[in-house]
Amino acid sequence: MEKTIEDPPTSAVLLDHCHFSQVIFNSVEKFYIPGGDVTCRYTFTQNFIPRQKDWIGIFRVGWKTVREYYTFMWVTLPVDLNNKSAKQQEVQFKAYYLPKDDEYYQFCYVDQDGVVRGASIPFQFRPENEEDILVVTTQGEVEEIERHNKELCKENQELKDSCVSLQKQNSDMQAELQKKQEELETLQSINKKLELKVKEQKDYWETELLQLKEQNQKMSSENEKMGIRVDQLQAQLSTQEKEMEKLVQGDQDKTEQLEHLKKENGHLFLSLTEQRKDQKKLEQTVEEMKQNETTAMKKQQELMEPRNKKAALTVEEQLAREVERLKAKVEAGKACFLEKYKECQRLHKQIRQLRAAALEVKQDQKSQQEPMGMGSKEPAVSTVTG
């Protein structure tokens, strides 16, 4: 067997494991004239995809493995398998590499894994008019020819049986291929639906993921703002606590001051009450002195009428002295009364100041308690009537 420079990929795959229906050979002649090039035409079926190391070999009929090829040619890959013209392919075998005997041969398509994907009908390499040549032979040659013809007939019958078996196998493979094709189409339809559903689910998940990312970013931003706000509120709360402590301390101081003012107010009220009592006594004394002065003046007028000058003079002097004494006593009472009156005025003024201070303390306490929602209670301040 002759071989090219690079051997094709082969394997020990047996005939029973080959697939002869995926590549179909077209226009195969019954015989080819020796000395000329041979063009092999073939067609890819719908689901077959050729590969780079696929090849077509010429095999003698009766081969058992793809290693028994006589010669081969590499397959040319089409540019576009979807194009209808790409399904129709051909290779040309040069005459130099073709067999020189008249045995039966066939084309076989072998993929790069060493598996046969298609086989042609048998053919021979002999002249077209070989049967019309008259040959004169001896009896021995005739017997030899007859023997050879018997062998050829036997081999031909075997080839026919093999061809019938191949055709049946091809028919079975075509039916199986049709079934597989229908299953494939069903699976492709299901696959398209699944792909569409997967795409829709993917789009939905991508949308959900985008929304979750946006929500996460928004929540992160809100958390940052809340953190800043919490820090501000904590700082504000700390400041308010300090201010509250100051207000509580101030309230305590105001309360103590108010208690002190209440005590002073009580003392002043008692002092004013005593002074009023003294004032009433003085007023009574002054009234009595006025009455005494009036009585003395009447007596003086009565005594002014002289009965005797000496007695009158003596009584007059006594009355004058008594009047002077009473006048001095009245003046002293008036001075004491005036002093007591000034003291009362001073006490009234001090009481008014105490009331104003107590009112100011009350207002301060109310303004301090209102922001915290606390009630206020007026301090008890005594009212002094002037």
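So, here's what we can say about the structure. All figures in this text were calculated on a predicted structure; none of them were measured in a lab.

### Let's talk about the overall build of the protein chain
Of the regular secondary structure elements, the protein chain holds two helices and nine strands. Reading the protein chain from its N end, one meets helices and strands in the order β-β-β-β-β-β-β-β-β-α-α. Every one of the 386 residues in the protein chain was classed for burial, and the buried ones make up 23%. Taking as baseline every contact in the protein chain between residues at least 6 positions apart, the subset at least 24 positions apart corresponds to 73%. Per element, the accessible surface of the protein chain, about 28,000 Å² overall, is 52% carbon and sulfur.

### Considering the nonpolar core
By size, the foremost hydrophobic cluster in this structure holds 20 residues, and its most contacted members are Phe25, Cys40, Tyr42, Ile56, Phe93, Phe107 and Tyr109. For this core, the secondary-structure elements that each account for two or more residues are β1 (23-26), β3 (38-44), β4 (55-60), β6 (88-93) and β7 (105-110). The element best represented in this core is β3, accounting for four residues. Once residues within four sequence positions are removed from consideration, Cys40 is found in contact with Phe25, Ile56, Gln89, Glu90, Val91, Phe93 and Phe107.

### Here we look at the pattern of salt bridges
When their charged atoms lie close together, side chains carrying opposite charge are able to pair. Under the defined criterion, the tally for this structure stands at 13 salt bridges. Here Glu176 ties to Lys180 by a salt bridge, and the two come within 3.7 Å at their closest N and O atoms. Residue Glu176 and its partner Lys180 are located together in helix α1 (residues 139-304), separated by four residues, close to a single helical turn. Look at Lys180 and you get partly exposed, because its relative accessible area is 44%. Taking the shortest distance from any N to any O, the salt bridge between Arg325 and Glu322 comes out at 2.2 Å. Here Arg325 and its partner Glu322 are both found in helix α2 (residues 309-369), three residues apart, which amounts to about one turn of the helix. Note on Glu322: relative accessible area 30%, which makes it partly exposed.

### What about the packing of aromatic side chains?
Scanning the model with the defined rule gives 23 aromatic pairs in all. An angle of 55° between the planes, with centres 5.9 Å apart, marks the rings of Tyr42 and Tyr109 as tilted. Placement of Tyr42 in strand β3 and of Tyr109 in strand β7 is noted, with a sequence separation of 67 residues between them. Tyr109 shares its class with Tyr42; the two are buried. Taken together, a centroid distance of 5.6 Å and an interplanar angle of 85° make the contact between Phe48 and Tyr109 edge-to-face.

### Brief notes about the sheet that holds β7
With respect to topology, four strands assemble into an open sheet ordered β5-β4-β7-β8, the strand pairing being antiparallel. Only two strands of the sheet have a single partner each, and these edge strands are β5 (69-74) and β8 (116-119). Shown here is a sheet whose adjacent strand axes are inclined to one another by a mean of 25°, direction ignored. Summarising the sheet, β4 and β7 pair through six bridges and their orientation is antiparallel. Within β7, the residue paired with Trp55 across the bridge is Val110.

### Considering a nonpolar patch on the surface
Among the surface-exposed residues, Leu187, Ile190 and Leu194 lie close enough to one another that they form a single nonpolar patch of about 280 Å² accessible area. Secondary-structure assignment places Ile190 in helix α1.

### Examining the pairing of β3
With respect to burial, β3 is a largely interior element, five of its seven residues being buried. As paired elements, β1 and β3 share four bridges and run antiparallel to each other. When the sheet's bridge partners are listed, Asn26 is paired in β3 with Arg41. Bridge analysis of β3 against β6 gives six bridges, and the strand direction is antiparallel. Residue pairing in the sheet places Cys40 in a bridge with Val91 of β6.

### What about the sheet that holds β3?
Spatial strand order, β1-β3-β6: three strands in an open sheet with antiparallel pairing. With one partner strand each, in any of the chains shown, β1 and β6 form the two edges of the open sheet. Ignoring strand direction, the axes of neighbouring strands in this sheet form an average angle of 30°.

### Things to note about the side chain of Gln89
Relative to the helices and strands, Gln89 is located in strand β6. Excluding anything up to four places from it in sequence, Gln89 contacts Cys40, Arg41, Tyr42, Phe44, Thr76 and Pro78.

### Some thoughts on the environment of Tyr97
Residue position: Tyr97 is located in the loop between β6 and β7. Of the residues examined, Tyr97 reaches a relative accessible area of 33% and is grouped as partly exposed. Tyr97 sits 60 residues away from Asp37 along the chain, and the two C-alpha atoms are 9.2 Å apart.

Conventions we followed
Residues numbered from 1 in each chain as written. Predicted model: local features only at pLDDT ≥ 70, side-chain atom pairs only at ≥ 80, totals over all residues. Heavy atoms only, no water. Helix = DSSP H or I, 4+ residues; strand = E, 2+ residues; numbered from the N terminus. Buried < 20%, exposed > 50% of the residue type's maximum accessible area, 1.4 Å probe, protein only. Contact = heavy atoms within 4.5 Å. Areas by Shrake-Rupley, 256 points an atom, 1.4 Å probe, with all protein chains shown as cover. Core = buried A, V, L, I, M, F, W, Y, C linked by side-chain atoms within 4.5 Å. Salt bridge = Lys/Arg side-chain N within 4 Å of Asp/Glu carboxyl O. Phe/Tyr/Trp six-rings, centres within 6.5 Å; stacked < 30°, edge-to-face > 60°. Pairing = 2+ DSSP bridges. Axes fitted to C-alpha atoms, helices over the stretch in contact; angles between N-to-C directions. Patch = residues over 30% accessible without salt bridge, like charges linked within 9 Å, V, L, I, M, F, W, Y side chains within 5 Å.

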